[in-house]
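Each chain, letter by letter, is given below.
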Amino acid sequence: MKEYDYIVVGGGSAGCIVAARLVSEGNARVLLLEAGRDEYHPVLKMPAGYMKFLASDRFLTMHQTEAQPQLNGRGVIVPQAKVLGGGSTVNAMVYMRGHKQDYADWNQALGDQGIDWSWEALLPHFTAIEDNDHLGAPNHGVGGPMKVSHLGHFSPLSRAYVKTLQGLGIPYTADFNSGNPSGVGFMQHTIDGQTRQRCSVVDAFINPLRHDARLTLVTGAQVEEVLFDGTCASGVRYRQDGQPQQARASREVILAAGAYQTPKLLMLSGIGPQEQLKQHGIAVRHALPGVGKNLQDHYEVPVVASTRGAFGYYGQDRGWPMVKAGLQYLLFKSGPVTTTGVETCAFFDPLDFTATPTIQMFCVPTVYLDRDVMGADPGDGVTVNSLLLRPKATGEVTLRDNNASSLPVIDTQIFGHPDDLARTLAGFRFARQVLAAAPIREMVNQEIFPGAEVTSDDAISAHCRRMVKTGYHPVGTCRMGHDDDPLAVLHDDLRVRGVQRLRVVDASMMPNIFSGNTNAVVMAVAHRAAELVLQSQIVEHKEAVYE
């Protein structure tokens, strides 16, 4: 059995950053295990390319979630990346940090145990990672490994959307990442502003260490169990190419498999709710009832309108328009290929513009719903999505069985709290106001979905239940918490309660979801997590010397 200093389970945004820092700054021998491929399709390097793989099982695992009674028995499809780099390899590349209050809420959930998770404490980690194309100190970093820039192209619909919302009383903001994301503006993305290519954590953190003997990267590795010596995590058991393997960690095992897979692995390893473990014949190593609980995500509902002309991107991905755009990108690094197709958004509370934002509203300059859904043919148009930032309902992740290859059971509880539907309803009604206001109304022909005749709260609610979808931002299933919190899974330094030498460093550590796309925050958390790991090793070394 091979031995390493650290084993990191999960090669997504969190795992790659933790592994890279432990190697480069801790001079540690690290085994990084990823269940997906070590592959980067050339199209995914293009900002517009991710849309080609939205429904592909090549790089994504499609989770069919549990039927939701409050959605009339509907269960949504929730994808998760299965590729080295995780979400950073396949996502829409939005770089968003959230609101200062979100992090204050983390500290409140922790009861001020000692480690500060405030905005001010995480800002140095955001800036250390970042190499911003046009923004600098104090809120942004220059010279870090992760490239961040605005997109290279904006559609007329996106520009009209930004001007329309200003006319409706929502102010323009030049930077959503200063700690107070409010107003309307253009989003930053993890894209190199010079080459106009995606910058994933593989590009930024792993590729520079590809030939470093201290980093061992194993892909196609399905981790089945964390191994223990007594109460100390000592290694992992995994399967690669059908063959069972084991590896030993002399210092720590670090879980970074995401909000679905990390709680599943803890439960398979005997850490979790007793009734869950006993139901599936798993010996209880340490009862932690909060494992898998507190699942949170963002949820969005669309309103779709046709337009009077080709102001967006419908049909740009095929035929001559695709060829022309491809040539423009290859020759000049400009044009439609340099956009993700979702260029702008707004943060606000539709019931009170002066309040902390509760909705993130995206303008998508195309119609991307199928005829079977809309009852009308897709065409030139615009889709406005109202995304709920802080749902009150929480779901859970549980085991399907005791087989590591089985997908977990995911119960989202979308609209499980009446306030969530009420706030989504308010966001939907405001989206209609946007489409009816100048200057975007000069481009709009008519609402085609759900249709202008859908006006009552009951009818709009039915539309919301039928069409609500995930924002692809699951968090919280192994949350940090104070000692008196019965559902707390982690200490404030991300160590798993009740055992030693085992940490969680991915989005499942969050006590509450925050206001925006998750990738940037996961990267900052992972950057800080590596620091906490290295600091703990220094303390252990000093204590050993003293003894």
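Shown above is the structure to which this text applies.
What you see is a predicted model; the values in this text were computed from it and never measured.

(A) Quick peek at the packing of helix 4 (residues 100–110) against helix 5 (residues 119–129). Their axes nearest at 9 Å, the elements helix 4 and helix 5 cross at an angle of 115°. Within the contact between the two elements, helix 4 uses K100, Y103 and W106 and helix 5 uses W119, E120, L122 and F126.

(B) Layout of the sheet that holds strand 6 (residues 130–132). Ordered in space as 5-9-7-6, the four strands form an open sheet in which the pairing is mixed. Whereas interior strands pair on both sides, the edge strands pair on one side only; in this sheet they are strand 5 (94–95) and strand 6. Bridging between strand 7 (residues 146–150) and strand 9 (residues 188–189) involves two bridges; their strand directions are antiparallel. By the bridge assignment for strand 9, H150 is matched with Q188. Helix-sheet contacts for helix 5 involve strand 5, strand 6 and strand 7, and the interaxial angle to strand 6 is about 65°.

(C) Just unusual backbone geometry, in detail. Residues A137 and P138 are joined by a peptide bond in cis, for which omega reads 5°. Within the secondary structure layout, P138 lies in the loop between strand 6 and strand 7. Between A438 and P439 the backbone carries a cis peptide bond, its omega angle lying at 0°. Mapped onto the secondary structure, P439 falls in the loop between helix 12 (418–435) and strand 22 (444–449). The backbone of D241 sits at a positive phi, close to 55°, despite the residue not being glycine. Its place among the elements puts D241 in the loop between strand 12 (232–240) and strand 13 (243–255).

Conventions we followed
Residues numbered from 1 in each chain as written. Predicted model: local features only at pLDDT ≥ 70, side-chain atom pairs only at ≥ 80, totals over all residues. Heavy atoms only, no water. Axes fitted to C-alpha atoms, helices over the stretch in contact; angles between N-to-C directions. Helix = DSSP H or I, 4+ residues; strand = E, 2+ residues; numbered from the N terminus. Contact = heavy atoms within 4.5 Å. Pairing = 2+ DSSP bridges.

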